[in-house]
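# Architecture at a glance
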Amino acid sequence: MGLVIFYNTAFSTSEDITDVKSTFLINAGKELFFSKELSYDSQVACSSCHIPEKGFQDGYERALIRGKVLSRNTLSILNVNRYLNYFWDGRAVSLEKQIEGPLFQKIEIGSSKEIINKLVFSNTLLFNAFNLSKAENTQAFVISALKAYCIDVSTKTTRYNQFLDGNISFTNQELSGMELFFGKANCSNCHSLPNFTDGKFHKVNKYRRKIILQSPGNSTNVSDLKLGYDYGRGNVENGRDALFAFRTPSLFNVSITSPYMHDGSHRTLDEVIDYYNRGGDIKTGPLYRLGLTNKEKKQIISFLLTLSDSNYIKSQ
Ligand code: HEC
Ligand code: HEC
């Protein structure tokens, strides 16, 4: 096991609002993020799926909790400052709305007003932070504290950013990879600057397989789980274009967030590049054959590796 350094609070992002940057709120958010007492059965915390050592995801193809496999691959929270809508299908338009999902759904944390009150009033750190905050009730406080923590841990340091700032130079391999990414390989058409995502939805991923779908809401009844397709954006919006389309993920931290895609169907970056190189598997999709040589594929991967948070890359 190598060395992993976690919380780097020396940097801050300019778009944060003052309250979100307050240290007391971030500390409360951290306490809550790791607290299993938030859940109805004291078994599950946000950190059960968003594991710091695994780049704030879980390493599973699809999330696994209380012995059940959920519908989708766990997104890392290291990129939350880079999106305007949240989840693989963009169904939450604010981070607050996003956090409400896992917090109150029985299949994830399954918290409630009563559980939250009990926790906040019995924990000095949380109680003091609640009093300092402008939140009108404990639920609103918990959501804004979790939001503050998620934004605080977002990635700020990468080789790519250091390169942009003129502090380091790229190797020839990384430079060629960057040129391919923005040129011949057409990646930047969707993974566009500055965040390597256009925030839009595309039909890119592999074959479609039926999976066990979770019933939304508060049911934990196994008989409510049924087999079906994940329609992605099609669950949120009408029209053919939305069916099976998923949000373009930011490519920051790709070296630490495998397996890839909304269903974790690609295990390695080599697999992903091969997939794009053959023009994908969907005949009517937006991808086409790229004609990349093996050398060029390696160059693209070298460039992709510069996008990962240096605080999370394990040494040795
Ligand atoms: C059971 C595992 C699990 C738990 C527990 C969990 N999450 Fe998640 N989280 C996921 C999965 C899976 C997704 C992607 C779901 C989707 O797209 O439908 C996700 C998505 C997210 C996102 C969206 C990121 C993006 O790029 O859009 C954020 C933020 C997040 N979770 C924060 C939290 C917080 C805060 C908690 C605790 C209140 C939490 N999660 C608890 C599995 C989990
Ligand atoms: C037509 C738009 C489009 C193009 C072009 C494109 N991507 Fe993607 N990319 C997406 C979408 C959408 C997803 C998520 C698909 C899904 O989960 O169903 C994705 C997923 C990925 C992932 C998985 C990330 C994760 O965290 O799971 C990687 C890596 C990736 N793309 C790299 C690339 C590279 C490298 C190229 C160029 C060779 C490229 N993409 C070209 C839209 C695109």
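In this report, the structure presented in the accompanying data block is examined. Think of each chain on its own: its residues are numbered from 1, step by step along the sequence as written. As they are written, the chains are lettered A onward and the ligands numbered 1 onward, keeping that order. Local features in this predicted model are restricted to residues of pLDDT 70 or higher, and side-chain atom pairs are both shown and tallied only at a pLDDT of 80 or more, whereas totals for entire chains, interfaces and linings draw on every residue. The side-chain figures draw on all heavy atoms in the structure; neither hydrogens nor water molecules are used.

## Remarks on the coordination of the iron atom of ligand 2
- Bound to the iron atom of ligand 2 are the protein donor atoms His191 (NE2) and Tyr276 (OH), situated 1.9 to 2.1 Å from the metal.
- The donor set comprises N, O and S atoms within 2.8 Å of the metal, extended to 3.2 Å for Na, K and Ca; water molecules are omitted, so apparent gaps in a site may simply reflect that omission. Only two sets of limits are used to name each site, 85 to 135 degrees for every angle of a tetrahedral four-donor site, and over 155 degrees for opposite donors with all other angles from 65 to 115 for a square planar four-donor or octahedral six-donor site, with any other site named irregular. One way to put it: the six donor atoms around the iron atom of ligand 2 meet at angles of 86 to 179°, and that makes the site octahedral. Taken together, the positions of histidine 191 in the loop between helix H9 (172-182) and strand S3 (201-202) and tyrosine 276 in helix H10 (residues 269-277) put the pair 85 residues apart, joining distant regions of the chain.
- Given the relative accessible area of 8%, histidine 191 is considered buried.
- Residue classification places tyrosine 276 among the partly exposed residues on the basis of a relative accessible area of 24%. Under the scheme used here, helices are H or I runs from DSSP no shorter than 4 residues and strands are E runs no shorter than 2 residues, and both carry numbers assigned from the N terminus. Three labels apply to residues, based on accessible area from a 1.4 Å probe with only protein chains included: buried if under 20% of the type maximum, exposed if over 50%, partly exposed otherwise in between.

## Regarding the coordination of the iron atom of ligand 1
- Protein coordination of the iron atom of ligand 1 is limited to a single donor, His50 (NE2), positioned at 2.1 Å.
- Positionally, histidine 50 belongs in the loop between helix H3 (46-49) and strand S1 (64-65).

## Quick look at the site of ligand 2
- Close to ligand 2 lie 25 residues; Cys187, Cys190, His191, His262 and Tyr276 are nearest.
- A distance of 2.9 Å separates a nitrogen atom of ligand 2 from a polar side-chain atom of histidine 191.
- In this structure, methionine 261 approaches ligand 2 through a main-chain N or O atom, which is 2.8 Å from an oxygen atom.
- Among the elements of the structure, strand S6 (246-247) and H10 are those that each provide at least two residues to the shell around ligand 2.
- The greatest single-element share of the shell around ligand 2, amounting to four residues, is contributed by H10.
- All residues other than Ala, Val, Leu, Ile, Met, Phe, Trp, Tyr, Cys, Pro, Asp, Glu, Lys and Arg, Gly among them, are scored as polar; the first ten of these are nonpolar and the last four charged. Along the lines of polarity and charge, the residues of the shell around ligand 2 split into 17 nonpolar, seven polar and one charged. Summary of the distance rule: residues count as near a molecule or strand when at least one heavy atom falls within 4 Å of that molecule or strand. Polar contact is defined as a pair of N or O atoms within 3.5 Å, subject to the rule that within protein one atom must be able to donate a hydrogen and the other to accept it, and that residues adjacent in sequence are counted only when both atoms are side-chain atoms.

So yeah, pure geometry; function would need other evidence.
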